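Survey of secondary and tertiary structure
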Amino acid sequence: MLHCCNVVNLPEELRLLKKFHGHLGPYVVVGYRMGGLARQKLVGRLKAVSFTGTKPPLSCIIDGVQYSSSCTLGKGNITVLEAGDAKVQFLDDKHLVEISLLDKVKEGIDRSMSHDTEELLALTIFNEPEADLFHVTTIERSPIETRVKLK
Ligand SMILES: [Zn+2]
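Read on for an overview of the structure. All of these numbers come straight from a predicted model, not from anything done at the bench.

Cut-offs and rules
- Per chain, residue numbering runs from 1 following the sequence as it is written.
- Owing to the predicted nature of the model, reporting of local features is limited to residues with pLDDT of at least 70; listing and counting of side-chain atom pairs is limited to 80 or more, with chain, interface and lining totals taken over all residues.
- As a rule here, side-chain values come from all non-hydrogen atoms in the structure, and water together with hydrogens is ignored.
- Every axis corresponds to a line fitted to the C-alpha atoms, with the helix fit spanning only the stretch in contact, and the corresponding angles, defined between N-to-C directions, vary from 0 to 180 degrees.
- The helix count covers DSSP runs of H or I at least four residues long, the strand count covers runs of E at least two residues long, and both are numbered beginning at the N terminus.
- Each angle is binned into one of four classes, with values under 35 degrees roughly parallel, values over 145 roughly antiparallel, values of 65 to 115 roughly perpendicular, and all other values oblique.
- Two helices crossing with the near one rotated counterclockwise from the far one by less than a right angle form a left-handed crossing, whereas a clockwise rotation gives a right-handed crossing.
- Contact criterion: two residues are considered in contact whenever any of their non-hydrogen atoms come within 4.5 Å of each other.
- Aromatic pairs are defined between Phe, Tyr and Trp rings, using the six-membered ring for Trp, whenever the two ring centres lie within 6.5 Å; interplanar angles under 30 degrees are classed as stacked, those over 60 as edge-to-face, and all others as tilted.
- Only protein chains enter the accessibility calculation, which uses a 1.4 Å probe; a residue whose area is less than 20% of its type maximum is buried, one above 50% is exposed, and one in between is partly exposed.
- Distance and angle both matter: a charge sits over a ring if NZ of Lys or CZ of Arg is within 6 Å of the ring centre and within 35 degrees of the ring normal.
- Within this scheme, the nonpolar core is defined by two criteria: the residues are buried Ala, Val, Leu, Ile, Met, Phe, Trp, Tyr or Cys, and they are joined through side-chain atoms within 4.5 Å.
- N or O atoms within 3.5 Å of each other form a polar contact, as long as, within protein, one can give a hydrogen and the other can take it, and as long as residues adjacent in sequence are counted only when both atoms are side-chain atoms.
- Patch definition: residues with relative accessible area over 30% and no salt bridge; like charges joined within 9 Å; nonpolar side chains (Val, Leu, Ile, Met, Phe, Trp, Tyr) joined within 5 Å.
- With residues, only the protein chains shown are counted as cover, and all accessible areas are computed by Shrake-Rupley using a 1.4 Å probe.
- Within this document, salt bridges are pairs made up of a side-chain nitrogen of Lys or Arg and a carboxyl oxygen of Asp or Glu, the two lying within 4 Å of each other.
- Strands are labelled as partners when DSSP assigns at least two bridges between them.

Section: the packing of helix α1 (residues 12-21) against helix α5 (residues 118-127)
Where α1 contacts α5, the two axes come as close as 11 Å, and the packing angle between them is 125°. Relative to α5, the element α1 lies oblique. Classified by chirality, the crossing of α5 by α1 is right-handed. Note on element contacts: α5 touches α1 through E119, A122, L123 and F126, opposite E13, L14 and K18.

Thoughts on the packing of aromatic side chains
Using the criterion set out here, one finds three aromatic pairs in the structure. On the basis of an interplanar angle of 40° and a centroid distance of 6.0 Å, the ring pair of Y32 and Y67 is categorised as tilted. Linking Y32 in helix α2 (residues 26-41) with Y67 in helix α3 (residues 60-69), this pair joins segments that are 35 residues apart in sequence. On the basis of relative accessible area, Y32 is assigned to the buried category, the value being 13%. Each ring, one from Y32 and one from F126, has its centre 6.5 Å from the other, and the planes form 35°; the classification is tilted. Separated by 94 residues along the polypeptide, Y32 in helix α2 and F126 in helix α5 bring together distant segments of the chain. Members of the aromatic cluster, joined through ring pairs, are F20, Y32, Y67 and F126. Sitting over the ring of F51, K87 keeps its end group 4.4 Å from the ring centre.

Observations concerning the nonpolar core
Counting residues in hydrophobic clusters, the biggest one holds 36 residues, and the most contacted among them are V29, V30, M34, I61 and F90. When residues in this core are grouped by element, the largest group, eight residues, is from α2. Apart from the residues within four sequence positions on either side, I61 is in contact with Y27, V28, V30, G31, M34, T52, A86 and V88.

Concerning the side chain of Q89
With respect to the element layout, Q89 can be found in strand β3 (residues 87-91). Side-chain polar atoms of Q89 contact the side chain of E98, separated by 2.7 Å.

Things to note about a nonpolar patch on the surface
The grouping of L16, F20 and Y67 at the surface amounts to a nonpolar patch, some 270 Å² of accessible area in total. Look at Y67 and you get partly exposed, because its relative accessible area is 33%.

Topic: the sheet that holds strand β4 (residues 95-101)
With mixed pairing, five strands are arranged side by side in an open sheet as β2-β1-β3-β4-β5. Whereas interior strands pair on both sides, the edge strands pair on one side only; in this sheet they are β2 (78-80) and β5 (134-140). Averaged over all neighbouring strand pairs, the angle between strand axes comes to 15°, with direction disregarded. With three bridges connecting them, strand β1 (residues 47-50) and β2 associate as parallel partners. Counterpart to V49 in the pairing with β2 is T79. Where α2 meets the sheet, it contacts β3, β4 and β5, and its direction lies at approximately 155° from that of β4.

What follows is the structure, encoded as structure tokens:
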């Protein structure tokens, strides 16, 4: 069988993401989708809390989140916790949106990810409907909590 890797035809969005991140794998696209989803659900300036930790490949989620949500380490509006979970919380003044990657999706990625398959997996994640990827919870924040947290 002809082994022809990394000849995936990437849409423009993913080519730019690849340029930003240095390579293209499923987890950076997971983060990219999470940040995009948060942007749809929340308004104004966002803060993000990433539960991924700082160890790749899971931490690649952070770069995707930074790229699509504008929450960046440089601006100080993203925090990374060493929890080892494919989960990110996003906050605006009134709401908290928690987005977790479904276990079955994460297991599928971890089972099949390799140097040869990462771009194809990334493209699959990019095209998957939200409901097939994520569990999303939206919580209304109380005024007191808002005041304390935004200090
Ligand atoms: Zn990566």
